Amino acid sequence: LAWAAQNLERAGEAPLALAAYEALASREPASVAFRMGVVRTLPRTDANLPRLTQTLADVVKLAPSVVEARNDLAWLRLLSGVDKEESTKTAEELHRAAPKVPAFRVTLALARLRAGRAAEALTLCDETALDWANAPGPWQAVRAAALREGGRAAEADRLLATAKPDTWLREERHLAGLSVQ
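What this report covers is the structure whose coordinates are included nearby. From a predicted model like this one, the values you see are computed outputs, not experimental measurements.

Observations regarding the overall build of the protein chain
(1) Moving on: In terms of regular secondary structure, the protein chain is built from eleven helices and zero strands.
(2) Moving on: Of the regular secondary structure in the protein chain, the N- to C-terminal order runs α-α-α-α-α-α-α-α-α-α-α.
(3) Moving on: Against the globule reference of 16 Å for 181 residues, the protein chain gives a C-alpha radius of gyration of 17 Å, in line with a compact fold.
(4) Moving on: In terms of overall dimensions, the protein chain has a C-alpha envelope of 50 × 30 × 30 Å along the principal axes.
(5) Moving on: Residues counted as buried form 46% of the 181 residues belonging to the protein chain.
(6) Moving on: The long-range fraction of contacts in the protein chain, counting pairs at least 24 apart against all pairs at least 6 apart in sequence, stands at 44%.
(7) Moving on: In the structure as shown, the protein chain presents an accessible area of about 9400 Å², 54% of it carried by carbon and sulfur atoms.
(8) Moving on: In the protein chain, 24 positive and 23 negative side-chain charges are present, and the distance between their average locations comes to 1 Å.

Topic: the nonpolar core
(1) Moving on: In terms of nonpolar packing, the biggest core is built from 56 residues, with Trp75, Leu113 and Val142 touching the most fellow members.
(2) Moving on: For this core, the secondary structure elements donating two or more residues are helix 2 (14-27), helix 3 (32-41), helix 4 (49-62), helix 5 (67-80), helix 7 (102-114), helix 8 (118-126), helix 9 (137-149) and helix 10 (153-161).
(3) Moving on: Each residue touching Leu113, except ones within four places of it in the same chain, is listed here: Ala118, Ala121, Val142, Ala145, Ala146, Glu149 and Leu175.

Considerations on the packing of helix 5 against helix 6 (residues 84-97)
(1) Moving on: At a closest axis distance of 9 Å, the pairing of helix 5 and helix 6 adopts a crossing angle of 140°. Compared by their axis directions, helix 5 and helix 6 come out oblique. Between helix 5 and helix 6 lies a crossing whose hand is left-handed. On the side of helix 5, the interface is formed by Val67, Arg70, Asn71, Ala74, Arg77 and Leu78, while helix 6 contributes Lys84, Ser87, Thr88, Thr90, Glu93 and Leu94.
(2) Moving on: Class assignment of the residues belonging to the contact of helix 5 with helix 6 gives a composition of four nonpolar, four polar and four charged.

A closer look at the side chain of Arg112
(1) Moving on: Note that Arg112 resides in helix 7.
(2) Moving on: Looking at Arg112, its side chain comes within polar contact range of the side chain of Glu120, at 3.1 Å.
(3) Moving on: Dropping the residues within four chain positions of it, Arg112 is found in contact with Thr88, Glu92, Arg117, Ala118, Glu120, Ala121 and Leu124.

Focus: helix 6
(1) Moving on: The terminal C-alpha atoms of helix 6 lie 20 Å apart, and with 14 residues this matches the ideal 20 Å at 1.5 Å per residue to within 8%.
(2) Moving on: In this fold, the buried residues of helix 6 make contact with helix 5, helix 7 and helix 8.

Let's talk about the layout of surface pockets
(1) Moving on: By volume, the largest pocket is sized at about 340 Å³.
(2) Moving on: Lining the largest pocket are 15 residues, and of these Arg44, Leu52, Asp72, Trp75 and Pro138 sit closest to its centre.
(3) Moving on: For the lining of the largest pocket, the elements supplying multiple residues, two or more each, are helix 3, helix 4, helix 5, helix 7 and helix 9.
(4) Moving on: Looking at the lining of the largest pocket element by element, the count peaks at four residues for helix 5.
(5) Moving on: Of the residues belonging to the lining of the largest pocket, the class tally is ten nonpolar, two polar and three charged.

Conventions we followed
- Residues numbered from 1 in each chain as written.
- Predicted model: local features only at pLDDT ≥ 70, side-chain atom pairs only at ≥ 80, totals over all residues.
- Heavy atoms only, no water.
- Helix = DSSP H or I, 4+ residues; strand = E, 2+ residues; numbered from the N terminus.
- Rg over C-alpha atoms; globule rule 2.2 N^0.38 Å.
- Buried < 20%, exposed > 50% of the residue type's maximum accessible area, 1.4 Å probe, protein only.
- Contact = heavy atoms within 4.5 Å.
- Areas by Shrake-Rupley, 256 points an atom, 1.4 Å probe, with all protein chains shown as cover.
- Lys, Arg positive; Asp, Glu negative; His and termini not counted.
- Charge placed at Lys NZ, Arg CZ, Asp CG, Glu CD.
- Core = buried A, V, L, I, M, F, W, Y, C linked by side-chain atoms within 4.5 Å.
- Axes fitted to C-alpha atoms, helices over the stretch in contact; angles between N-to-C directions.
- Parallel < 35°, antiparallel > 145°, perpendicular 65-115°, else oblique.
- Left-handed = near helix turned anticlockwise from the far one by under 90°.
- Nonpolar A, V, L, I, M, F, W, Y, C, P; charged D, E, K, R; others polar.
- Polar contact = N/O pair within 3.5 Å; in protein donor to acceptor, adjacent residues only side chain to side chain.
- Expected span 1.5 Å × (residues − 1).
- 1 Å grid on protein atoms, 1.4 Å probe; cavity = no way out; pocket = protein on both sides within 12 Å on 5 of 7 lines; lining within 4 Å.
- Points joined across faces, edges and corners; volume = space filled by probe spheres on them.

So this is what it looks like as structure tokens:
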């Protein structure tokens, strides 16, 4: 079943891969690999946000060294306003350990925005070697928010003109200053 889940995921069959990973994770509750499979294949929607957050929390509890899970969990919690202090601490630790990793920089920028420290968020974004027009959408939301807060609204508007916010979580759209209907 593990082989099938991996091949289904590679083939782009996320719903089938998700079902296989979920079955595997229920059989082997301590398996980080199967839970991360669930994270990768679970549709990133507002409806799935609690489940995604819980799965990441489970992974972090089982294997705190999985930095991707720690970062993603911090991101989701910062977005939702849950455990902001702990999530900020995680973002700071990850950034300190690997300051050039864009995912860690952008999560720390989100933490800075949530703390009302927009200038620091903007500096983190500005100093990230990234083509923002082609960056992951949620990262664009952070960049746009930092730009707006930093008095560079026109630049934020240009970035958002090419973005695809329909794939973002509600709170990411809100952060970017977009409609959240």
